[in-house]
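# Structural features, examined
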Amino acid sequence: MIPASFDYHRASTLQEAFTFAQEYGEDAKYLAGGHSLIPMMKLRFSEPAHIIDISRIQGLKYIKEEDGILKIGALTTEADLEFSDLCHDKYPILVDVSKLIGDPSVRNKATVGGNLAHGDAANDHPAVMLALKANIVAEGPNGTHNIPVDEFFKGFFETALEQHDILIEIQIPATKAGNGGAYNKIERKVGDYATSGVAVNLTVDTSDTVVDIGIGLTNVNPVPMRVSRAEEALKGNKLTQELIEKAGKIAGEDCSPTADLRGSEDYKRSITKELTIRTINKAWERAKASL
Amino acid sequence: MKVSIDKNFEIAQPVSKVWEYLLDPYKVAECVPGVKLTEKISETEYKGDVGLKLGPVNASFNGVITYAKVDEVAREIHLVGKGVDKKGKGSVEMALEMKLQESGNVTMVNTTMNVTVIGVMAQFGSRLISDVSDHIFKQFVENFQTLLAGKEIDDQDKQIHGGAVAGTVVKSITSKLTSGVKNIFSKKDKKEENENE
Amino acid sequence: MEFTCKTSKEIGGMGHSLKRREDDRFIQGKGNYVDDVKLPGMLYMDIVRSPYAYAKIKSINTEKALAIDGVITVITGKDLEEHNLHWMPTFLSDTQMVLPTDTVMYQAQEVACVIATSRYIAADAVEAVEVDYEPMKPVMDPHKALDPDAPVLRTDKEGKKDNHIYHWENGDREKTEEVFKNADVVVKEQIYLPRIHVASIETCGCVADYQTATKKMTVYMTTQAPHAVRTVVALVAGHVGLSEERIRIISPDLGGGFGGKVPIYPGYIVAITATFLIGKPVKWIEDRTENLQADSFARDYDMTCELAATKEGKIQAFRIKTLADMGYTDGSANPSKYPAGMFSICTGSYDYSTAFAEVDAVYTNKPPGGIAYRCSFRVTEAAHAIERMVDILAQKIGKDPAELRMENFIKKDQFPYKSALGWEYDSGDYHAGLEKAMNMIGYDELRKEQVEKRAKGEYMGIGICTFTEIVGAGPSKDFDILGLKMFDSAEIRVHPTGKAIARFGTKSQGQGHETTYAQIIAEELGIPAEHITIEEGDTDTAPYGLGTYASRSIATAGAAAAIAARKLRDKARKIAAYLLEVSEEDLEWEPGKFSVKGAPEKSKTIQELVFAAYTNYPPGMEGGFEAVHYYDPPNLTFPSGAYICVVDIDGKTGAIKVRRFVAIDDCGNIINPMIVQGQIHGGLTQGIAPAMYEELIYDDEGNILNGSFMDYLVPTAVESPKWETDHVVTPSPHHPLGAKGVAESPTVGAPPAIVNAIVDALSPLGVTHVEIPVTPYKVWKILKEKGVVD
Ligand SMILES: Cc1cc2nc3c(=O)[nH]c(=O)nc-3n(C[C@H](O)[C@H](O)[C@H](O)COP(=O)(O)OP(=O)(O)OC[C@H]3O[C@@H](n4cnc5c(N)ncnc54)[C@H](O)[C@@H]3O)c2cc1C
């Protein structure tokens with residue numbers, strides 16, 4: 001539990017962070033909340049020679065609506081989301097997910113940007129961002145670029161961020177009438193990574209017809225996954241329990257879980273199905289309430 | 001921890017050529033992500049370096065590749081790659097059994113890969129080991145096909161990388177691969193012994 | 001509460017819920033744990049551990065490690081061998097490597113120790129030690145360990161031809177067979193209690209400090225039994241000059257013990273050796289994974305149980321056959337004279353006269369152990385077996401499990417009761433306990449609700465456990481540690497101003513001794529508890545005792561405190577008679593003072609009498625006011641409990657919710673109700689742990705698959721239901737305070753109550769047994785097998 005030795009650099013601006021990153025190249029890692037990186041370093045699975053602390057860069061910690069977009073700064077912590085009035089009022093799915101991450105002390109440090117940038121299919125935000133159809137804004141030495149969330153997750157701990165990129169902002173289409181989202185996960189005990197997690201973001205009209213739908217899954221696939229087939233099955237149709245059941249069934253079929261200590265592949269498919277059904281219902285309830 | 005993966009795939013090349021390539025340890029090594037041969041110990045044994053990089057995770061091993069069985073008549077080959085972590089954290093063994101069959105102009109390859117992981121990686125990485133093994137295997141097959149086709153393997157493909165994972169995301173139950181993790185749960189409950197197969 | 005306090009709140013004797021005085025420093029972060037000890041010039045030790053469960057060591061190359069700046073030395077088994085320190089005894093007369101010279105026997109076994117000037121350098125050097133292993137196929141399955149073709153693991157034992165450690169049995173085999181043959185009903189089940197870990201929040205460690213000038217060895221150490229450790233170290237290392245008077249073991253504040261801090265781990269011995277050889281203090285503190293992976297486990301009993309009964313449900317006989325996986329060595333921290341400890345308590349709270357119990361223990365390539373995790377040596381296993389079987393019997397004959405228990409209980413007037421396997425139960429009122437629990441939870445209404453729920457296809461279960469424990473080790477006829485009798489001690493010194501210090505041979509790890517011991521003395525002497533300082537854990541100052549585990553502190557040291565205090569009260573009476581010029585018989589005691597019968601205005605307070613003991617005592621009397629007592633209990637004590645649990649199960653996902661949990665405990669007379677309640681809450685949570693969450697999982701290659709808190713699932717407040725507790729009180733007739741010990745009851749009683757509830761919930765599906773931990777995944781598998789989910 002003692003990491004290998006490393007040099008610590010604190011960046012106070014993005015520019016400064018890029019300068020360090022360019023200087024140390026492959027041997028360097030950005031540090032945000034540190035709650036994914038530091039455990040790996042303590043186990044010596046990861047031994048970066050240089051740590052570039054970006055956690056104190058000003059101006060990357062906010063939750064705000066602007067031009068019909070919800071913008072979340074990368075350094076926003078889980079606790080910030082959990083206790084945000086804006087999230088409570090209009091984006092309860094973000095409160096759902098933050099509450100389910102680790103424990104209070106983890107949530108005080110862990111950042112939303114880090115949760116995505118870490119590229120771990122067991123993390124909870126990726127599925128939520130898939131459901132919310134987020135846009136990820138990255139900045140590197142050569143400027144900023146947008147990455148649609150569907151192109152963001154590439155492999156085990158691998159994302160579309162380029163080598164020196166810093167994820168600076170997450171953009172989510174602002175909620176409107178008829179929109180409701182929910183996240184839930186099944187875990188072995190509180191603070192555990194999901195055995196399966198389901199994020200649903202749903203927009204219905206007054207006749208309960210699905211106008212828009214996003215469904216993302218946590219930890220039942222090598223990379224965070226969108227359940228496109230289920231989304232297609234729902235979109236444009238009037239919501240019924242049969243239809244929701246069908247979407248759940250598809251989620252169970254299309255995911256690709258691996259047997260591990262949490263359970264067998266069949267178990268994970270089965271609970272993914274059930275959790276999808278329940279989470280769609282929860283999102284629907286919220287969507288109706290917003291009409 | 002043990003993971004076994006059974007896979008059958010086709011290569012659009014004659015058996016004799018596939019066989020010849022498989023007998024060349026340097027060609028085989030080139031196709032396995034992260035492997036580099038450094039020394040020939042005997043006709044059937046080679047030393048090498050194995051590097052594994054998964055995002056922030058790094059591991060390096062001292063490896064030995066052994067041709068445990070070469071049966072020209074049956075076109076069957078058993079390759080065992082053993083890697084011992086350079087920092088004493090454990091070891092990985094990958095036993096690859098391949099059987100070739102000619103069918104027209106293509107070669108059918110029946111493969112079983114048994115991966116055994118011992119030490120710290122098995123303790124902490126259990127949730128990743130079968131996915132990563134599956135992935136390494138897939139990348140090996142792709143690289144091998146590239147090489148047989150007379151093309152250069154991309155530098156990127158010599159490391160484990162994301163492309164192939166993202167590309168194989170939907171493993172729906174209809175097209176379910178015959179891969180499975182050997183049961184690691186209750187040793188007593190015989191009923192569940194094979195449930196994950 | 002049936003117990004009425006004899007002392008005022010100001011005095012704070014028995015029955016008062018005094019706040020735990022140790023908490024002031026804990027809450028402020030001012031506790032003093034081993035890792036807080038920092039000595040000048042201190043070096044740090046870190047340990048190279050084996051990644052393999054079973055391997056030959058071909059070579060150990062320390063060159064690269066030694067080349068690192070700040071590395072003082074690397075100690076291997078070969079180095080220890082030079083001093084004949086490479087092996088040590090375990091408590092149960094087995095032997096254990098300190099460091100291996102040729103073979104490693106379990107994953108995470110200590111292979112070499114690095115000593116360096118900083119903790120960080122030590123960790124770097126660990127990675128630089130090159131060990132060349134030749135891995136062998138480990139024996140992981142205890143059943144296969146006895147196969148004729150299984151490799152013999154303990155080749156160090158001359159003539160050893162298999163992996164069998166011992167066979168132990170108790171009871172009448174033939175008579176039991178006879179009863180089973182003629183019984184109307186026989187139920188049988190294989191019940192496995194998996195390997196678990198105490199997972200105390202503080203891991204193990206020590207600071208060993210050998211002073212070359214004085215030739216004195218001081219070891220600050222995470223131990224529950226400092227005196228026993230001192231004696232063992234003297235026995236093991238006497239030949240190198242460490243005789244017992246030169247060894248001082250200090251066990252400072254402990255962050256949990258639960259039995260895990262009874263054994264002597266190799267790390268301690270190497271640190272002690274290192275300071276001895278180097279002459280500088282050496283600190284060794286395990287990290288979490290080392291603690292989970294290498295330190296002693298608990299349970300791992302595979303029990304085949306059978307119960308014979310009449311068709312009406314009258315229990316006639318119990319039979320149990322057990323396979324115990326001890327790991328690489330029998331590291332049982334069990335001081336009883338029986339290798340399976342108190343396992344023969346397995347006949348439970350029921351009245352029948354025939355039973356037979358046997359245990360066979362084997363070696364495997366797992367870490368050694370067999371500690372009594374919050375349990376008095378295999379009582380948890382025993383209680384689980386009988387309490388599950390009683391439910392299985394009830395299910396089989398279609399009788400309500402509460403009713404079946406009521407009909408079979410030992411009756412109140414049968415105590416002292418001789419059990420089928422030979423124990424003499426001291427006291428109890430099992431009917432009252434279960435009745436109280438049933439009333440408190442509303443048993444009949446719950447059963448009605450269950451009928452309604454079942455009609456709707458919902459899964460609700462009610463589980464009962466009515467256990468009897470056996471604690472307070474122990475009478476010397478049943479116990480010893482390396483020949484040392486299992487008494488414990490108290491030494492009370494009252495200062496001239498009437499304030500006191502008392503020292504004990506036990507060692508609190510969170511039990512609140514600093515508060516309860518003071519209350520006992522306050523009860524007997526009338527000196528306010530807050531005026532009494534309690535000290536434990538320093539072998540240079542405390543009287544000899546065998547430490548704290550097996551709920552023995554109150555049963556032994558607590559009794560010693562009462563008797564020592566009574567000796568002082570007798571002295572005070574003599575002084576009072578002298579000062580008041582009356583005879584001793586004319587004096588009357590009320591807590592805090594002696595007065596003359598019939599003339600209450602003529603009295604002397606205890607403070608006055610103590611002062612007189614230093615200033616004005618009767619001619620011929622010894623001055624001072626001190627007493628010491630060593631208490632060897634005449635019998636064990638037999639706490640009992642009636643627990644009822646209600647669960648709801650999600651028929652789609654298998655999720656289990658413990659809706660309610662009522663615990664009625666009988667621990668005899670209660671010294672501090674609040675502390676008892678705290679102990680019960682903690683113990684119940686540690687009971688829910690093995691029932692639903694915890695298990696050490698190994699694969700065939702010898703890997704531990706959940707050797708960190710990421711996967712070893714210790715439940716938290718979130719997983720705990722609201723515990724509802726109360727008591728019945730049947731004082732122990734042989735204990736001077738009528739107390740029985742309490743801290744382990746809930747850990748023993750909770751798991752069967754929970755499993756019984758889960759099985760009850762699933763019984764409409766034909767389920768009769770589920771192995772612990774019962775996880776949602778296991779329940780889901782049952783639901784799937786029964787076609788409830790697809
Ligand atoms: C006990 C515990 C329980 C946990 N439980 C959960 C859980 O239930 N669900 C869950 O989702 N997560 C969980 N986590 C993980 C936690 O949420 C992590 O903190 C989070 O995944 C990473 O965020 P971070 O800010 O800590 O990132 P860091 O650990 O600082 O960084 C993680 C990685 O991302 C990179 N990085 C970080 N920020 C940026 C950025 N802005 N731009 C580019 N790269 C960046 C770093 O270089 C590093 O490679 C848990 C962690 C712990 C310790």
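First, a word on what this report is: a plain description of the structure on this page. (Residues numbered from 1 in each chain as written. Chains lettered and ligands numbered in written order. Predicted model: local features only at pLDDT ≥ 70, side-chain atom pairs only at ≥ 80, totals over all residues. Heavy atoms only, no water.)

### Details of the interface of chain B and chain C
Listed by partner, the interface residues are 22 residues for chain B and 24 residues for chain C. Summed over the shared surface of chain B and chain C, the result is three salt bridges. The interface formed by chain B and chain C includes seven residue pairs in polar contact (both at pLDDT 80 or more). At four residues, strand 7 (residues 106-119) of chain B tops the list of elements feeding residues into the side of chain B that touches chain C. Its residues assigned to classes, the side of chain B that touches chain C comprises seven nonpolar, six polar and nine charged. (Contact = heavy atoms within 4.5 Å. Salt bridge = Lys/Arg side-chain N within 4 Å of Asp/Glu carboxyl O. Polar contact = N/O pair within 3.5 Å; in protein donor to acceptor, adjacent residues only side chain to side chain. Helix = DSSP H or I, 4+ residues; strand = E, 2+ residues; numbered from the N terminus. Nonpolar A, V, L, I, M, F, W, Y, C, P; charged D, E, K, R; others polar.)

### Observations regarding the nonpolar core
Ranked by internal contacts, the top residues of the largest apolar core, which has 169 residues, are Phe318 and Phe661 of chain C. If near-sequence neighbours (up to four positions away) are discounted, Phe661 of chain C is found in contact with Tyr643, Ile644, Cys645, Leu684, Pro721, Lys722, Trp723, Glu724, Ala750, Ala753 and Ile754 of chain C. (Core = buried A, V, L, I, M, F, W, Y, C linked by side-chain atoms within 4.5 Å. Buried < 20%, exposed > 50% of the residue type's maximum accessible area, 1.4 Å probe, protein only.)

### Regarding unusual backbone geometry
Here Ala473 of chain C and Gly474 of chain C are connected by a cis peptide whose omega angle stands at -25°. Tracing the chain through its elements places Gly474 of chain C in the loop between strand 21 (459-468) and strand 22 (488-494). The amide bond that connects Ile772 of chain C to the next residue, Pro773 of chain C, takes the cis arrangement and shows omega of -10°. Although it is not a glycine, Asp67 of chain A adopts a positive phi angle of roughly 50°. Judged by its relative accessible area of 69%, Asp67 of chain A falls in the exposed class. For Arg75 of chain B, which is not a glycine, the phi torsion comes out positive at approximately 55°.

### Comments concerning the sheet that holds strand 28 (residues 626-631) of chain C
Residues and elements named next belong to chain C. The mixed open sheet is built from four strands, whose spatial order is 24-23-22-28. The open sheet has two edge strands with one neighbour each: strand 24 (532-536) and strand 28. Between one strand axis and the next, the sheet turns through 15° on average, direction left out of account. As paired elements, strand 23 (residues 500-504) and strand 24 share five bridges and run parallel to each other. From the neighbouring strand, Arg503 faces strand 24, where its bridge partner is Glu535. Across the sheet, helix 14 (residues 513-525) lies against strand 22, strand 23 and strand 24, angled at about 130° from strand 24, the strand it touches most. The sheet contacts of helix 15 (residues 553-580) involve strand 22, strand 23 and strand 28, and relative to strand 28 the element is tilted by about 145°. (Pairing = 2+ DSSP bridges. Axes fitted to C-alpha atoms, helices over the stretch in contact; angles between N-to-C directions.)

### Some details on the site of the ligand
Residues and elements named next belong to chain A. Around the ligand, the surrounding shell holds 31 residues, and the nearest of these are Tyr30, Gly33, Gly34, Thr111 and Asp124. Here Asp124 contributes a side-chain N or O atom positioned 2.6 Å from a nitrogen atom of the ligand. Mapped onto the shell around the ligand, the elements with two or more residues apiece are strand 2 (28-31), helix 7 (112-117) and strand 10 (166-173). A per-class count over the shell around the ligand returns 15 nonpolar, 11 polar and five charged. (Near = heavy atom within 4 Å.)

### Quick notes on the pattern of salt bridges
Side-chain pairing between opposite charges can occur once the charged atoms of the two side chains come close. Considering all chains together, one arrives at 86 salt bridges over all chains under this definition. A salt bridge links Glu66 of chain A to Lys71 of chain A; its shortest N-O distance comes to 2.8 Å. On the basis of relative accessible area, Glu66 of chain A is assigned to the partly exposed category, the value being 31%. Overlapping salt bridges bring together Arg44 and Glu47 of chain A, Lys87 and Lys89 of chain B together with Asp124 and Glu127 of chain C as one network.

### Here's the deal with the sheet that holds strand 7 (residues 110-116) of chain C
All names here are of chain C. The seven strands are arranged 3-7-1-14-11-12-13 in an open sheet whose pairing can be described as mixed. Only two strands of the sheet have a single neighbouring strand rather than two, namely strand 3 (71-76) and strand 13 (247-250). Strand-to-strand twist across the sheet, computed as the mean angle between neighbouring axes with direction ignored, equals 20°. In this sheet, strand 13 lies alongside strand 12 (residues 216-221) in parallel orientation, the contact comprising four bridges. Bridge pairing in strand 13 places Met217 opposite Ile247. Lying on the sheet, helix 7 (residues 226-237) is in contact with strand 12 and strand 13; it crosses strand 13 at an angle near 150°. Running over the sheet, helix 8 (residues 266-278) touches strand 1 (43-49), strand 3, strand 7, strand 11 (205-211), strand 12 and strand 14 (282-285) and is turned about 25° from strand 11.

### Here we look at the packing of helix 11 (residues 265-289) of chain A against helix 19 (residues 776-785) of chain C
Running from N to C, helix 11 of chain A and helix 19 of chain C cross one another at 90°; their axes reach a closest spacing of 11 Å. The angle between the axes of helix 11 of chain A and helix 19 of chain C places the two elements in the roughly perpendicular class. Across the interface between the two elements, Asp266, Tyr267 and Ser270 of chain A from helix 11 of chain A touch Pro776, Tyr777, Trp780 and Lys784 of chain C from helix 19 of chain C. A per-class count over the contact of helix 11 of chain A with helix 19 of chain C returns four nonpolar, one polar and two charged. (Parallel < 35°, antiparallel > 145°, perpendicular 65-115°, else oblique.)

### Some words on the side chain of Arg378 of chain C
Residue and element names in this part refer to chain C. Tracing the backbone shows Arg378 in the loop between strand 18 (369-371) and helix 10 (379-397). What makes Arg378 buried here is its relative accessible area of 6%. A distance of 3.3 Å separates a polar atom in the side chain of Arg378 from a polar atom in the side chain of Tyr301. Excluding its chain neighbours within four sequence positions, the residues that come into contact with Arg378 are Arg299, Tyr301, Met326, Ser332, Ala340, Phe343 and Gly370.

### Description of the state of the cysteines
All names here are of chain C. According to the stated counting rule, one finds zero disulfides over all chains in the structure shown. Considering cysteine sulfurs only, Cys204 is the nearest to Cys206, which forms no disulfide, with 9.8 Å between them. A relative accessible area of 0% places Cys206 in the buried class. For the unlinked cysteine Cys305, the closest cysteine sulfur is that of Cys346, found at 8.4 Å. (Disulfide = S-S within 2.5 Å.)

### Digging into the pairing of strand 14 of chain C
All names here are of chain C. Taken together, the two bridges between strand 1 and strand 14 define a ladder with parallel strand orientation. Bridge pairing in strand 14 links Leu43 to Val282. The pairing of strand 11 with strand 14 spans four bridges and is classified as antiparallel. Looking at strand 14, one finds that Val207 is bridged to Lys283.

### Quick look at the packing of aromatic side chains
Summed over all chains, the structure comprises 30 aromatic pairs over all chains. Judged by centre distance (6.4 Å) and plane angle (70°), the ring pair of Phe9 of chain B and Phe137 of chain B falls under edge-to-face. Residue Phe9 of chain B is located in strand 1 (residues 2-11), and its partner Phe137 of chain B is located in helix 4 (residues 126-148); the two are separated by 128 residues in the primary sequence. Each member of the pair Phe9 of chain B and Phe137 of chain B is classed as buried. Aromatic pair Tyr301 of chain C and Phe343 of chain C: ring centres 5.2 Å apart, planes at 80°, arrangement edge-to-face. You can see Tyr301 of chain C sitting in strand 15 (residues 297-309) and its partner Phe343 of chain C sitting in the loop between strand 16 (315-325) and strand 17 (354-362), a full 42 residues away along the chain. For Tyr301 of chain C, a relative accessible area of 0% corresponds to the buried category. An aromatic cluster of at least three residues, connected via ring pairs, comprises Tyr350, Phe409, Phe415 and Tyr430 of chain C. The ring centre of Tyr363 of chain C lies 5.2 Å from the NZ or CZ of Arg154 of chain C, which sits over that ring. (Phe/Tyr/Trp six-rings, centres within 6.5 Å; stacked < 30°, edge-to-face > 60°. Lys NZ or Arg CZ within 6 Å of the ring centre and 35° of its normal.)

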